[in-house]
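Secondary and tertiary structure notes
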Protein chains: 2
Amino acid sequence: MVKVTVTENEARYLKLIYRKQVEDGSLVGTTDLAKWLRVRPATATEVIQNLSRKNMLKYRPYHGVELTGKGIREARKLLRKHRILERLFFDFLKYDVRRSCAEASKIDYHASMDFINDICRAYGHPDQCPCQKTIFSDPLCEKRR
Amino acid sequence: MVKVTVTENEARYLKLIYRKQVEDGSLVGTTDLAKWLRVRPATATEVIQNLSRKNMLKYRPYHGVELTGKGIREARKLLRKHRILERLFFDFLKYDVRRSCAEASKIDYHASMDFINDICRAYGHPDQCPCQKTIFSDPLCEKRR
DNA sequence: GGAAAAATTTAGGATTTACCTAAATTTAAG
DNA sequence: CTTAAATTTAGGTAAATCCTAAATTTTTCC
């Protein structure tokens, strides 16, 4: 079991796919991703193929993409980090929603889960980000009542 | 005036050069850098040449390196971020010095100065990191008495 | 001072990531 | 079932990192 890592850019795709596919229930294709991330469709296809090689998703060419269990776990970790950071920026530092998201995006990928868990504890284990999306729990972070 | 940016890796070099040259007063050569950063001398030379092209330092081949005003300003910004984050990890989250430094290193480059300034205010404008190095001030962060 | 040893840089590559355009292929529309 | 639209493949570019081996410069020391 070699640890497979995902690049920062791939992480962006993963977070987006999770939001669209799992949270919004929509089918996600490479062209949608390209549009959202402002790259050419061919570029999105390439990244998707890499994520597929890393077993983060199942890719059916011409049809779309579906996260695997591994991909879902990875996306949730990333989104937990992102959303905890959003809460920090929004509640504590009083940034607006947009800016909270932007600042969180810059560091979520780089923050260790321990750091995130410490913020989570310090701010009372919030369970939603500023835009009401779920903040996933982490086994190492104290349970909520 | 085009904004010149430094990569995350180049930032590592810059921080290190500042600490050694300005704070410790030692002459810094490419081979020293290579040793500290665990790369081959040829690799360090290459990075130094890039930093030189970006006017962050003066490079005299075979002799050593000297930060320019621009390089010093950039290094101080980076070290301010790094050291404020160290304080956060050390004081607030109770990490030890080593780990505080490690965690800070992962995100210092990516954190906006606004975020850093907010942490700085929240923790009473500390002027030293956990290992007693100076935390440089920022014009947008409330003055200390 | 100059030759040999040591340190440093240059030259030339390899790999990875991320992006693009144009051509081919597949799907979808009528 | 043919054509239009969407999507992927093929083939490139560019920037970052890193490396080894060969050249060059500096240092050491007779």
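For every chain, the first residue of the written sequence is number 1, and numbering continues from 1 onward in sequence order. Written order determines the labels here, with chains lettered from A and ligands numbered from 1. The model is predicted, so local features are restricted to residues of pLDDT at least 70 and side-chain atom pairs to those at 80 or more, both for listing and for counting; the totals for chains, interfaces and linings are taken over all residues. Computation of side-chain values covers all heavy atoms of the structure but excludes hydrogens and water.

Here is the rule: UniProt positions are given in the numbering used here, feature names are shortened, and annotations may be inferred rather than shown by experiment.
Chain A appears in an unreviewed UniProt entry as HTH dtxR-type domain-containing protein from Hadarchaeum yellowstonense. You can read under Sequence similarities (unreviewed entry) in the UniProt record for chain A the words "Belongs to the DtxR/MntR family."

**Here's the deal with the side chain of B:Lys81**
Residue and element names in this part refer to chain B. To keep things clear, this is the line we draw: Segments assigned H or I by DSSP are reported as helices when at least four residues long, segments assigned E as strands when at least two residues long, and all are numbered from the N terminus. Partly exposed describes any residue whose relative accessible area lies between the buried limit of under 20% and the exposed limit of over 50%, with all areas from a 1.4 Å probe on protein chains only and scaled to the type maximum. For this count, His and the chain ends are skipped, Lys and Arg are scored as positive, and Asp and Glu as negative. Between Lys or Arg on one side and Asp or Glu on the other, a salt bridge is scored when a side-chain nitrogen of the former is within 4 Å of a carboxyl oxygen of the latter. We call two residues in contact when some of their heavy atoms are within 4.5 Å.
As for its placement among the helices and strands, Lys81 is situated in helix 4 (residues 69-92). For Lys81, which is buried and forms no salt bridge, the nearest opposite charge comes from Glu74, at a distance of 7.0 Å. Excluding residues that lie within four positions of it along the chain, Lys81 makes contacts with Asp108, Ala111, Ser112, Met113 and Ile116.

**Here we look at the interface of chain B and chain A**
Definition in use: Buried area is understood as the total, over both parts, of accessible area removed when two parts are fitted together, assessed with a 1.4 Å probe. Polar here means any residue other than Ala, Val, Leu, Ile, Met, Phe, Trp, Tyr, Cys and Pro, which are nonpolar, and Asp, Glu, Lys and Arg, which are charged; Gly is therefore polar.
With 17 residues of chain B in contact, the opposing surface of chain A contributes 16 residues. The three residues of chain B that bury the most area against chain A are B:Ile107, B:His110 and B:Phe115, which together make up 36% of that side's buried surface. Inspection of the chain B/chain A interface yields two salt bridges. The partner of B:Arg99 in a salt bridge is A:Asp114, and the shortest N-O contact between them spans 2.7 Å. Looking at the side of chain B that touches chain A, the elements that each hand over two or more residues are helix 4, helix 5 (97-107) and helix 6 (113-122) of chain B. For the side of chain B that touches chain A, a count of residues per class yields nine nonpolar, two polar and six charged.

**Focus on the environment of B:Arg87**
Residue and element names in this part refer to chain B. Worth spelling out the cut-off: Counted as a polar contact is a pair of N or O atoms within 3.5 Å, where, for protein atoms, one must be capable of donating a hydrogen and the other of accepting one, and residues adjacent in sequence contribute only when both atoms are in side chains.
Along the polypeptide, Arg87 turns up in helix 4. Sequence-wise, Arg87 and Pro126 are 39 residues apart; in three dimensions their C-alpha atoms are separated by 7.9 Å. The contacts of Arg87, once residues within four sequence positions are left out, are Phe92, Pro126, Gln128, Cys129, Pro130 and Ile135. For Arg87, the side chain forms a polar contact with the main-chain oxygen of Cys129, separated by 3.4 Å.

**Let's talk about the protein's contact with DNA strand D**
Heads up, the condition is: Nearness of a residue to a molecule or strand requires only that one of the residue's heavy atoms be within 4 Å of it.
Around DNA strand D, a shell composed of 18 residues is seen, among which A:Thr30, A:Thr31, A:Gln49, A:Tyr59 and B:Thr7 lie nearest. For DNA strand D, the backbone makes up 76% of the atoms found within 4 Å of the protein, where backbone means sugar plus phosphate. Contacts to DNA strand D include B:Glu46, whose side-chain N or O atom sits 2.9 Å from a base nitrogen. At 3.4 Å from a phosphate oxygen of DNA strand D is found a side-chain nitrogen or oxygen belonging to B:His63. Secondary-structure elements contributing two or more residues to the surface near DNA strand D are helix 2 (30-37) and helix 3 (41-53) of chain A together with helix 3 (41-53) of chain B. Per-element tally for the surface near DNA strand D: the top contributor is helix 3 of chain A, with four residues. Looking at the surface near DNA strand D residue by residue, the classes come out as eight nonpolar, eight polar and two charged.

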